[in-house]
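Architecture and fold: a report
Okay, here's what each chain looks like letter by letter:
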Amino acid sequence: MTKWLLAVIASLSFVTSAHAQDYPKRPVTMIVPFAAGGTSDVIARVVAEEMAKPLGQPIVIENIVGAGGSIALARAARAEADGYTIAIGNAGTSAATYTIYPKLSFTPDSFVPIAMVAKTFGIVALRKDFPAKNLQEFIAHAKKNPGKINLGHAGVGSSNFLICKSFAQAAGIDVTLVGYRGAAPALTDAIGGQIDGVCDAAASVSQAIDDKLVRAMVVGSTVRLATLPELPTSAEAGLPEFEAQGWNGLFAPKGTPPAIIAKLNAAAKSAVESDAVKKRFHDLSTVAPDANEHTPEVLQQLVTRDVEKYRKLLEEKK
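I will try to describe carefully the structure that is included in this document. (Residues numbered from 1 in each chain as written. Predicted model: local features only at pLDDT ≥ 70, side-chain atom pairs only at ≥ 80, totals over all residues. Heavy atoms only, no water.)

1. Focus: the packing of aromatic side chains
Taken as a whole and judged by the stated rule, the model has seven aromatic pairs. Between the aromatic rings of Phe106 and Phe111, the centroid separation amounts to 5.7 Å while the plane-to-plane angle is 75°, which identifies the pairing as edge-to-face. Each ring, one from Phe130 and one from Phe138, has its centre 5.6 Å from the other, and the planes form 55°; the classification is tilted. When its relative accessible area of 2% is taken as the criterion, Phe130 is described as buried. A relative accessible area of 0% means that Phe138 is categorised as buried. Put simply, the rings of Tyr98, Phe106, Phe111 and Phe251 pair up and form one aromatic cluster. Lying across the ring of Tyr84, Arg26 places its NZ or CZ 3.7 Å from the centre. (Phe/Tyr/Trp six-rings, centres within 6.5 Å; stacked < 30°, edge-to-face > 60°. Buried < 20%, exposed > 50% of the residue type's maximum accessible area, 1.4 Å probe, protein only. Lys NZ or Arg CZ within 6 Å of the ring centre and 35° of its normal.)

Written out as structure tokens, the structure is:
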């Protein structure tokens, strides 16, 4: 029996190794947990296009919306662990969601990290006719009108939701948070004046700011953004407690062979180091990971850190 079992294990190892060597033989699906046009979607499309080149197969984007990204992640967790379904996540979908939705069908252990692919910066922007002209005026207005100002985000559990929560807590204000099925529809309503403003990443809101469709108040960064040089940092605006520097990373279902993870990691690293992605990221006010931040281990450390970080942030308000 022992010899038979060892033979089976050896045979399975050989099959897995051969499968990894041939991978990928067909297109790979990348699940995006939000509607088209938002930060995660834009970053996913930029990175996927370049990842496809070394892989030799296209990467097809599949947008799945709802429940702050948890519906999409549940779908990714159930997928075959063969490398043909991966997902892009962020601090919201891959960390905070476990506090917000404690009865999820998946856990952090349901996924294997592939690589961090982007660093993002949170911005609070208002409809262009909002009476406050700067952050301090906005905070004063909000304190005089508790609960009356509404800020849109990409859904409870999204990174934009966390930007809103972090901002409101740092400013000590009571605002109404309005969830959407993605960042793009929230921004559309802010432009149209249906809501007072949005919490969003620079990648998806910077163009609207440039076009003067919305008015940015602050970026939760320690340095100004090259693409929005007039926008003050949180410290410059008088709210140093507001920190909103996020990330996007790629994940595969638990059990995906290490050799396939290695191929995907190499493709992701090649993508974010390419001139095409660097230029696009610059235009989006997004930053690629540093050279020492491309490993799956670094992404796992971010998830572990942020699960605890946002548990504390979200439970303080319960």
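2. Observations concerning the pairing of strand β5 (residues 150-153)
The pairing of β5 with strand β6 (residues 176-179) spans four bridges and is parallel. Following the sheet pairing, His153 is matched in β6 by Gly179. Where β5 lies against strand β7 (residues 197-201), two bridges are found, and the strand directions are parallel. Across the sheet, residue Leu151 finds its bridge partner in β7, namely Gly197. (Pairing = 2+ DSSP bridges. Helix = DSSP H or I, 4+ residues; strand = E, 2+ residues; numbered from the N terminus.)

3. Overview of the state of the cysteines
Summed over all chains, the structure comprises one disulfide. What pairs with Cys164 in a disulfide is Cys199, and their sulfur atoms sit 2.1 Å apart. Between Cys164 and Cys199, the S-S torsion sits near 105°, and that sign places the bridge as right-handed. With Cys164 in helix α6 (residues 159-171) and Cys199 in strand β7, this pair connects stretches of sequence that are 35 residues apart. Of the two residues, Cys164 and Cys199, both sit in the buried class. (Disulfide = S-S within 2.5 Å.)

4. Regarding the nonpolar core
Met30, Met51 and Val117 are the most contacted members of the largest nonpolar core, which totals 36 residues. Elements represented by at least two residues in this core include exactly β1 (28-32), α2 (39-55), β2 (59-63), β3 (85-90), β4 (111-127), β9 (245-253), α9 (258-272) and α10 (275-283). By residue number, the principal contributor to this core is α2, which donates eight residues. Not counting the four nearest positions on each side in its chain, Val117 is found in contact with Ile43, Val47, Ile88, Asn248, Gly249, Leu250, Ala268, Val272, Phe281, Ala288 and Pro289. (Core = buried A, V, L, I, M, F, W, Y, C linked by side-chain atoms within 4.5 Å. Contact = heavy atoms within 4.5 Å.)

5. Looking at the pattern of salt bridges
If you walk through the whole model with that rule in mind, you get 16 salt bridges. With a shortest N-O distance of 3.8 Å, Lys25 and Asp22 are connected by a salt bridge. Among the residues examined, Lys25 registers a relative accessible area of 59% and is labelled exposed. Asp22 sits in the partly exposed class, given a relative accessible area of 42%. Between Lys119 and Asp290 there is a salt bridge, and its shortest N-O distance comes to 3.6 Å. Here Asp290 lies in the loop between α10 and α11 (296-315) and Lys119 lies in strand β4, a separation of 171 residues in the sequence. Overall, the relative accessible area of 21% leaves Lys119 in the partly exposed class. In this structure Asp290 comes out as partly exposed when scored by relative accessible area, which is 40%. Residues participating in the shared-partner salt-bridge network are Lys119, Asp290 and Glu293. (Salt bridge = Lys/Arg side-chain N within 4 Å of Asp/Glu carboxyl O.)

Interpretation note: all reported values are geometric properties and have no functional meaning in isolation.
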